[in-house]
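Residue-level structural notes
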Amino acid sequence: MPQIRLNNITKRFGKAIAVDDLTIEIGDGEFVTLLGPSGCGKTTTLRMIAGLETPTDGDIYIDDVCVFSSEKGIDISPDKRNVGFLFQNYALWPHMTVYKNVSFGLENMKWDKNRIKERVFELLAMLRIEEYSERYPSELSGGQQQRVAIARTLSTGPKILFMDEPLSNLDAKLRMEMRTELKRLHLETGSTFVYVTHDQLEAMTLSTKICLLKEGLLQQYEPPLDIYRYPANYFVADFVGSPNINIIEMEGEQINLDEIKLTNNQLSLLYTPNSSSITIPKGKKLLLGVRPEDIEICDEGTIEAAIYSTLPSGMETIVKLDIAGLLVTCVVFGGVDFPIGSRVKIAFNAKNYVLFDRESERNIASGTLS
Ligand SMILES: Nc1ncnc2c1ncn2[C@@H]1O[C@H](COP(=O)(O)OP(=O)(O)O)[C@@H](O)[C@H]1O
Ligand SMILES: [Mg+2]
């Protein structure tokens, strides 16, 4: 049973459409990330589910209860939706200790003193900040403050937790650490997380499903690795993955039932779709999507290339290759410092090279190259 259901949700601000006819279901216990560039409607979507923003059109269900319907005139207030929030500016109360910050909501709910104490320390332990219970927020690091904010949000045991870019104020190292904690927390609480970020890596690593938006329109709603391997269109392919996917302009020609010849000035490749449901007319303009890790530098390779640049970072090396004027990016595991200008051979040995129609930019096939 889906826990959250959005049916044809639209939000207009005046003439501008922030969210355009969005229909998604979020299952119980999922970690769904709303992902997309700034202004694509992520925050608006989250706020509508939470009840902080009124949709212009559509219905929203939580646990099979209609919490919003434009047609039926239903709009249940946020405090009755059993949800918790964690926003980017997680302002803790500066004059209250960590303990007080976390216990405050429970005191408001008139919990018994001993039960509050038990609950607060359970949360502080879960977030590994027990020893700071008597400190004030100003005596904590950014990461510790963020943990307190999370503990505070979790205190009342919301079944659904909304988070809007909660890590964006933290430095890179802390952000990494908090990602690990959030993922663990998701498992430990068993709550449903609805998370907003513009950071594709964060979405990839945390989510059970990514809801990728562009200008208010849903592009794809699937598990991270499916989005990565089978992007619905060029925008999605380009938005996820770092370094970016290589997009190579090619012309196609069907040469037999399951083989397509792809050519441009530098390359001539044979493409075999994994399922042969397409037919490509001669001269069809296509885009070939090649992930950087799917280009192999090896002696057995049949394509000649020159090293254009290398960026060794220790664990991996990003290598830019020049194939007769066509620049492509590849990633090699480990620190390999190829001299600039040296010649190498490359091969396309992976299983999922994506083909896009250059006009519609839609994914039309995934397949192998030879
Ligand atoms: N209160 C508002 N009034 C007018 N326009 C708004 C308001 N809130 C958001 N918008 C517009 O709606 C679009 C989506 O905004 P938002 O949901 O905040 O995007 P995101 O969180 O993805 O960056 C943007 O174009 C934004 O300018
Ligand atoms: Mg936002």
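Above this text you will find the structure in question.
Now for a quick tour of the structure. Please read all numbers here as calculations on a predicted model, not as lab measurements. (Residues numbered from 1 in each chain as written. Chains lettered and ligands numbered in written order. Predicted model: local features only at pLDDT ≥ 70, side-chain atom pairs only at ≥ 80, totals over all residues.)

1. Considerations on the pairing of strand β19 (residues 326-333)
Every other side chain in a regular strand lies on the same face of the sheet, so the side chains alternate between the two faces. What counts is decided by this rule: By this definition, two strands are paired if DSSP reports at least two bridges between them. Where helices and strands are cited, they refer to DSSP runs of H or I of at least four residues and of E of at least two residues respectively, numbered from the N terminus.
Looking at chain direction, strand β18 (residues 316-323) and β19 are connected through eight bridges and run antiparallel. Along β19, the bridge assignment pairs Lys320 with Thr329. Linking β18 back to β19 in an antiparallel pair, the connection comprises two residues, with Ala324 at a positive phi of about 45°.

2. Comments concerning the nonpolar core
Cut-off, in case you're wondering: Any set of buried Ala, Val, Leu, Ile, Met, Phe, Trp, Tyr and Cys residues joined through C-beta atoms within 7 Å is what this text calls a nonpolar core. In this scheme every C-beta is placed from the backbone, and a residue whose C-beta has 20 or more other C-beta atoms within 10 Å is buried, one with 12 or fewer is exposed, and one in between is partly exposed. Bear in mind that the domain bounds are from an automatic or database domain assignment. Distance between backbone-placed C-beta atoms decides contact: two residues are in contact if it is within 7 Å.
Counting residues in hydrophobic clusters, the biggest one holds 85 residues, and the most contacted among them are Val194 and Cys211. Looking at this core element by element, the count peaks at five residues for helix α4 (residues 142-154). Looking at which domains feed residues into this core, each of domain 1 (2-239) and domain 2 (246-369) supplies at least three. Among all residues touching Cys211, those that are not within four sequence positions of it are Ile24, Val32, Thr33, Leu34, Leu35, Leu218 and Tyr221.

3. Digging into the environment of Ile247
For Ile247, the position within the fold is in strand β12 (residues 246-256). Owing to 18 C-beta atoms within 10 Å, Ile247 belongs among the partly exposed residues under this scheme. Once the C-alpha coordinates of Ile247 and Val354 are considered, the two residues, 107 residues apart in sequence, prove to be 9.4 Å apart. Once residues within four sequence positions are removed from consideration, Ile247 is found in contact with Tyr234, Asp238, Leu287 and Gly289.

4. A word on the packing of helix α2 (residues 98-108) against helix α3 (residues 113-126)
This is how it is decided: Between the N-to-C directions of two axes lies an angle of 0 to 180 degrees, each axis being a line fitted to C-alpha atoms and, for a helix, fitted only over the stretch in contact. Orientation is classified from the angle alone, with under 35 degrees giving roughly parallel, over 145 giving roughly antiparallel, 65 to 115 giving roughly perpendicular, and any other angle giving oblique. Crossings are assigned a handedness: left-handed for a near helix turned anticlockwise from the far helix by less than a right angle, right-handed for a clockwise turn. Each residue is assigned to one of three groups, with Ala, Val, Leu, Ile, Met, Phe, Trp, Tyr, Cys and Pro labelled nonpolar, Asp, Glu, Lys and Arg labelled charged, and all others, Gly among them, labelled polar.
Direction vectors running N to C along α2 and α3 enclose 130°, while the axes themselves pass 10 Å from each other. Looking at the two axes, α2 sits oblique to α3. When you trace α2 past α3, the crossing you get is right-handed. Seen from α2, the contacting residues are Tyr99, Val102, Ser103, Leu106 and Glu107; seen from α3, they are Ile116, Arg119, Val120, Leu123 and Leu124. Of the residues in the contact of α2 with α3, the class split is seven nonpolar, one polar and two charged.

5. Some remarks on the site of ligand 1
Test applied: To decide nearness, the C-beta atom of each residue is placed from the backbone, and the residue is near a molecule or strand if that atom lies within 6 Å of it.
Close to ligand 1 lie Phe13, Ala16, Ala18, Gly36, Ser38, Gly39, Cys40, Gly41, Lys42, Thr43 and Thr44, which account for all nearby residues. Residue assignment for the shell around ligand 1 shows that the elements contributing at least two residues are β2 (16-27) and α1 (42-50). Among the residues making up the shell around ligand 1, the classes are represented as four nonpolar, six polar and one charged.

6. Some thoughts on α4
Stated formally: Expected span of a helix, by definition, is 1.5 Å for each gap between consecutive residues, and there is one gap fewer than residues.
Along its 13 residues, α4 runs 18 Å from first to last C-alpha, staying within 8% of the 18 Å computed at 1.5 Å per residue. Counting buried residues along α4, 10 of its 13 residues qualify, which places the element largely inside the surrounding structure. Inspection of α4 places Gln145, Gln146, Arg147, Val148, Ala149, Ile150, Ala151, Arg152, Thr153 and Leu154 among the buried residues, and these make up the whole buried set. Here the buried face of α4 lies against β7 (83-86), α2, α3, β8 (160-164) and α5 (172-189).

7. Topic: α5
Spelled out, the test is: Of all possible arcs, the one meant is that of the directions from the helix axis to the C-beta atoms.
Look at α5: 25 Å from first C-alpha to last across 18 residues, which is about the 26 Å you get at 1.5 Å a residue. Within the span of α5, buried status applies to Met178, Leu182, Leu185 and His186. One face of α5 carries all of its buried residues, which in axial projection span an arc of 100°. The outward face of α5, more than 90 degrees from its buried face, is lined by the exposed residues Lys173, Thr180, Arg184, Leu187 and Glu188. Contacts from the buried residues of α5 go to β3 (31-35), α4, β9 (192-197) and α6 (200-206). Note on α5: the residue one or two positions beyond its end, Gly190, has a positive phi of about 70°.

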